[in-house]
Structure formats: structure tokens, C-alpha cells
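Take a look at the letters that make up each chain.
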Amino acid sequence: MHDSRFPTPNSRPYRIAVLASGRGSNFLALQRAIEAGKIRHSELIGVFSDRGNAPVLRLAAEHGVAAHSWRPADYPQRSDFDRALFAALAVAQPDLIVCAGFMRIISGEVLPPWQGRMINIHPSLLPRYPGLHTHRRALQAGDREHGASVHLVTADLDAGPVLAQARVAVLPDDDEQLLAQRVLQREHPLLVACVAALADGRLNCRSDPPQWQNQDLLQPLRLNADNRLEPSACAEST
Ligand code: GRF
């Protein structure tokens, strides 16, 4: 019998748009996961950027993904830029928008149609360290654990409901760069696992609170050592 979590062979692939401003390693992780069948029945329909020279745009083009950019300086106000960007996204009809290193605060007025369909990856264990320089701040605070979070985007910066986290030990010799590299290595499987779960319906963000396998998600899921998502309590006992 067909598993209702998965699309039928003839159904439309799950459409993923990426908003990004820079390097694009998270975009590449998603692209590779789709190619490898780790995110099932999905396609990247475009990369949308606020920086015309962002390396992520070249990466997208190399992988046959449509690359779009707009210059904020061409718009009188932040909200004008956001309206143009989100009008283009509406035309592209994504099922999910992934902010992966999109270095702009998005004005709240454009978000309501995308509620529950827009996620961000952030390099800290939210609610610790919203904003910039997260690795430096974790080191300065003497944290023994750091990591990355995937959360729903709301009008408040890095403050939407956290869906899942990957934890990384802070080591005695860590500097900002070493720690950033180790967190980034966990960001990629975290983002892939979240997008895969959203695409096949295990993770459902159309309800409030979000649901994981038909249960209310009251604490962030945790990425385990096998790169699978688990409820936090379950992960503690393994
Ligand atoms: C990542 O660390 C992400 O968590 C943060 O910005 C960085 C983007 O990296 N929001 P990349 O462009 O995906 O390589």
C-alpha cells in the first residue's frame, strides 16, 4: 500500500527555494542530498539573493538551478526590496523557503503568506546568540557546548520556533574559526534532515505547534550521530 507520507510517483515534486547571500555551502548540501535521494521527490527551484556577486549564485548556475539577485540599493526602502523579492518567490511557487546564510532582516509584512513554510539555519543553539558572531560569543561566554538550529522564520530575528538542533562540543583549543568549521559540518546534515522531514511530512509546520510524526513538537528535535532527527528526550538516553 502507498505510504501517505510520501508523494505518489505522479505527484509534483516538493519545491524548495533558497535565500542566500554568500558562500552557499548549505545550498550545496541540499543540492547533493536531493541528487543522492536523501531528500525524496524534491527539487531546488531557485536561489534568490541580495548580492549579485554571491558565490552561491555561481554554484546554483553550475547545478542548473535558477539564480536570481536584486540590489537592495535599487529600492528606496527595505520593505520595497522585500516586496519585490517575495513577489518573485510567489511566482516561483515554492512549498518551502530555506534561508541559508541570507544576511538580511526580512520585514514582517511579507511573511504571513509563508508562515510555517519558511525556515532558517542559524549557527547557534537558539535562543542563545541570535544575530551575528555566534561562535565568538559562545567562546567568550565559556560555553562547553555550541551548535546550530533550524527554526521557523517569524518577524523577530532568529526567534521563531526552533524545529531542530545539532550540538557540538567546544574544545579547549577552539578558536572562532575552528569552532565555526565544526559547527558548519553539522549544519549541513541538520538542514538536510529537516528539509527531508518537511518534504515527506514527518515534520509538519502547518499546525501550531509544529508536529513531529503526528505529535506536538514541544522541544527542538536533535540531530543524532547518524544524522537522523530524534525527539530530544530520546536522544538524551542514547
Ligand atoms: C551558515 O553558517 C548559516 O548557519 C548562517 O550563515 C552561514 C551560511 O553559510 N546563517 P553558507 O553560505 O551556506 O556556506
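If you're wondering where the values come from, they're calculated on a predicted model, not measured in any experiment.

Observations regarding the nonpolar core
Within the largest apolar cluster, 51 residues are counted, with the highest numbers of intra-cluster contacts made by Val 98, Ile 119, Leu 190 and Leu 229. By residue number, the principal contributor to this core is helix H5 (residues 176-200), which donates 12 residues. In contact with Leu 190, other than residues within four places in its own chain, are Ile 121, Ala 148, Ser 149, Val 150, Ala 164, Gln 165, Ala 166, Leu 223 and Leu 229. One finds Phe 86, Leu 89, Ile 106 and Met 118 within the second-largest nonpolar core, a separate group that totals 19 residues.

Notes on the sheet that holds strand E9 (residues 211-212)
Within a sheet, adjacent strands bond to each other through the backbone by hydrogen bonds, running parallel or antiparallel. Pairing is antiparallel across the open sheet formed by three strands, whose spatial order is E8-E9-E10. The open sheet has two edge strands, strand E8 (203-204) and strand E10 (215-216), and neither has a second partner. Both E8 and E9 contribute to a ladder of two bridges, which runs antiparallel. Residue pairing across strands places Leu 203 opposite Trp 212, the latter belonging to E9.

Re the packing of aromatic side chains
Applying the stated criterion across every chain, the model contains two aromatic pairs. Ring centres of Phe 48 and Trp 70 lie 6.1 Å apart, and the angle between their planes is 5°; on these two criteria the pair is classed as stacked. Taken as a pair, Phe 48 in strand E2 (residues 42-49) and Trp 70 in the loop between strand E3 (67-69) and helix H3 (78-92) lie far apart in primary sequence, 22 residues in all. An angle of 85° between the planes, with centres 5.6 Å apart, marks the rings of Tyr 75 and Phe 81 as edge-to-face. The exposure class assigned to Tyr 75 is partly exposed, which follows from its relative accessible area of 23%. A cation over a ring is seen here: Arg 104 above Phe 81, with NZ or CZ 4.2 Å from the ring centre.

The rules behind these values
- Residues numbered from 1 in each chain as written.
- Predicted model: local features only at pLDDT ≥ 70, side-chain atom pairs only at ≥ 80, totals over all residues.
- Heavy atoms only, no water.
- Core = buried A, V, L, I, M, F, W, Y, C linked by side-chain atoms within 4.5 Å.
- Buried < 20%, exposed > 50% of the residue type's maximum accessible area, 1.4 Å probe, protein only.
- Helix = DSSP H or I, 4+ residues; strand = E, 2+ residues; numbered from the N terminus.
- Contact = heavy atoms within 4.5 Å.
- Pairing = 2+ DSSP bridges.
- Phe/Tyr/Trp six-rings, centres within 6.5 Å; stacked < 30°, edge-to-face > 60°.
- Lys NZ or Arg CZ within 6 Å of the ring centre and 35° of its normal.

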